[in-house]
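Secondary and tertiary structure notes
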Amino acid sequence: MKLEHLLNSISTESKKVVAVAAAEDEEVILSVKQAYEKGVASFILVGNKEKIQFLLQRSKLEQNEELQIMEAKPENAALEAVKVVSSGQADIVMKGLIPTADLLKAVLHKENGLRTGKILSHVAAFEVPGYDRLLFVTDSGMNIAPNLQQKAQIIENAVQVARGIGVEMPKVAVLAAVESVNPAMQATLDASALMVMNKRGQISGCIVDGPLALDNAISVKAAEHKGISSEVAGHADVLVVPAIETGNALYKSLIYFANAKVGAVIAGACAPIVLTSRADTAESKLYSIALAVKSLGKNNNNQEEK
């Protein structure tokens, strides 16, 4: 599986709709153009109508039923975009030219937001050169120091995304610095507890193992060398980090040292959230939109729960 395959596997018959909050940004419109031209999604562009129209024209895009514009003031753009999703007019919300905090505030709005009662978490899908499958890393951008229950929900969010793109039974490795339980290392205690929760059905739809060091999670040779035998060791699809510092460093290491491609979403709300930044490449933004579309699954279960 490659990230490019996500684009090719998206059906245009039941095209999903992305609501972009504060879409009056050239880089955002560029990612919209790429996704639109590849048939990945339709868009509702929320924000300054005049500026959005200008950017569409400059990008040689014409406003149509698949590229709608909704006028909104800067201070209201995030909530209006979220309302479009919560009302069922769109399936995904995407960050435009606004601070991340403003978008998340709208997502968590009591009346018109996308709350589920679950924790929101960052799920990144990496295509690493020479690796035979996509690697999901969580959570590298939302939760600073999640506790045991939060880690369980973070796993559930990542599993939902992985299953959405076709990984039927994701293998989840809960990472730590060592492979044995050490009472002085909370990460190992949590990893062991999460494995037990999985075996007892408290975390379902996946196979959880831990604690595992990174090498034992992704390398069969490393796992065999240390005598670790499990369905997950050496075959992990999902890497669950103990804290944001680990996740952030792993995320950036894969991009800058391994030249990995990446797409990422925020999961745990009623709908996927695409958070793009100016540091993201246009390719990464496109993959993030595609990942959000695929994470909905064939039946768009999130929308059905609203």
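See the structure printed just above.
What comes next is a walk through the structure. (Residues numbered from 1 in each chain as written. Predicted model: local features only at pLDDT ≥ 70, side-chain atom pairs only at ≥ 80, totals over all residues. Heavy atoms only, no water.)

1. Some details on the overall build of the protein chain
Condition: Strands here mean DSSP runs of E at least two residues long; helices mean DSSP runs of H or I at least four residues long; both are numbered from the N terminus. This radius of gyration counts C-alpha atoms alone. The globule rule is 2.2 Å times how many residues there are, raised to the power 0.38. What makes two residues a contact is simply this: any of their non-hydrogen atoms within 4.5 Å.
Counting its regular elements, the protein chain contains twelve helices and eleven strands. Taken over C-alpha atoms, the radius of gyration comes to 19 Å for the protein chain, in line with the 19 Å a tight globule of 306 residues would show. Referenced to the eigenvectors of the C-alpha coordinate spread, the extents of the protein chain come out at roughly 60 × 40 × 30 Å. Considering only contacts within the protein chain whose residues lie at least 6 apart along the sequence, 72% involve residues at least 24 apart.

2. Details of the layout of surface pockets
Rules: Definitions used throughout: a 1 Å grid over protein atoms alone; a cavity as a set of points that fits a 1.4 Å probe which cannot get out; a pocket as an open set with protein on both sides within 12 Å along at least five of seven lines; a lining residue as one with an atom within 4 Å of a point. Grid points are joined across faces, edges and corners, and a volume is the space filled by probe spheres set on the points. Charged residues are taken to be Asp, Glu, Lys and Arg, nonpolar residues to be Ala, Val, Leu, Ile, Met, Phe, Trp, Tyr, Cys and Pro, and polar residues to be all remaining types, Gly included.
Roughly 700 Å³ of volume is contained in the largest pocket. Along the wall of the largest pocket there are 28 residues; nearest its centre are His122, Tyr251, Ile255, Ser277 and Asp280. Of all elements in the fold, only helix 10 (244-256), strand 10 (261-267) and helix 11 (282-295) reach the threshold of two or more residues within the lining of the largest pocket. Here the lining of the largest pocket gets six residues from one element, more than from any other, and that element is strand 10. Residue composition of the lining of the largest pocket, grouped by class: twelve nonpolar, twelve polar and four charged.

3. Digging into the packing of helix 6 (residues 148-164) against helix 7 (residues 186-199)
Test applied: Orientation is described by lines fitted to C-alpha atoms, with helices fitted over the stretch in contact, and by angles between N-to-C directions that extend from 0 to 180 degrees. In what follows, roughly perpendicular refers to angles from 65 to 115 degrees, roughly parallel to angles under 35, roughly antiparallel to angles over 145, and oblique to any angle outside these ranges. Note: crossing handedness is left-handed where the near helix turns anticlockwise from the far helix by less than a right angle, and right-handed where it turns clockwise.
The contact between helix 6 and helix 7 brings their axes to 10 Å, and the two run at 55°. In terms of their interaxial angle, helix 6 and helix 7 are classed as oblique. Read as a crossing pair, helix 6 and helix 7 show a hand that is right-handed. Between helix 6 and helix 7, the residues in contact are Leu148, Gln149, Lys151, Ala152 and Ile155 and Ala187, Asp190, Ala193, Leu194 and Met197, respectively. Here the contact of helix 6 with helix 7 is composed, by residue class, of seven nonpolar, one polar and two charged.

4. Quick notes on the packing of aromatic side chains
Put simply, the rule reads: Geometry of aromatic contacts follows a simple scheme: Phe, Tyr and Trp rings, the Trp one being its six-membered ring, pair when their centres are within 6.5 Å, and the pair is stacked under 30 degrees between planes, edge-to-face over 60, tilted otherwise. Three labels apply to residues, based on accessible area from a 1.4 Å probe with only protein chains included: buried if under 20% of the type maximum, exposed if over 50%, partly exposed otherwise in between.
On inspection of all chains with the given rule, the structure shows one aromatic pair. Ring plane angle 75° and centroid distance 5.2 Å describe the contact between Phe126 and Tyr251, whose orientation is recorded as edge-to-face. Here the residue Phe126 occupies a position in strand 5 (residues 121-127), and Tyr251 occupies one in helix 10, the gap between them amounting to 125 residues. As far as burial versus exposure is concerned, Phe126 and Tyr251 are alike and both buried.

5. Concerning unusual backbone geometry
Following Thr138, the chain continues into Asp139 via a peptide bond in cis, with omega recorded as 0°. Here Asp139 lies in the loop between strand 6 (135-138) and helix 6. A cis amide bond links Gly210 to the next residue, Pro211, at an omega of 5°. Within the secondary structure layout, Pro211 lies in strand 8 (residues 207-212). Located in the positive-phi region is Ala22, a residue other than glycine, with phi close to 60°. Position of Ala22 relative to the elements: it lies in the loop between strand 1 (17-21) and helix 2 (26-37). For Ala22, a relative accessible area of 2% puts it in the buried group. The phi angle at Lys60 is positive, at roughly 60°, despite the residue not being glycine. Secondary-structure assignment places Lys60 in the loop between helix 3 (49-58) and strand 3 (67-71). Look at Lys60 and you get exposed, because its relative accessible area is 75%.

The values reported here are purely geometric and, on their own, carry no functional implication.
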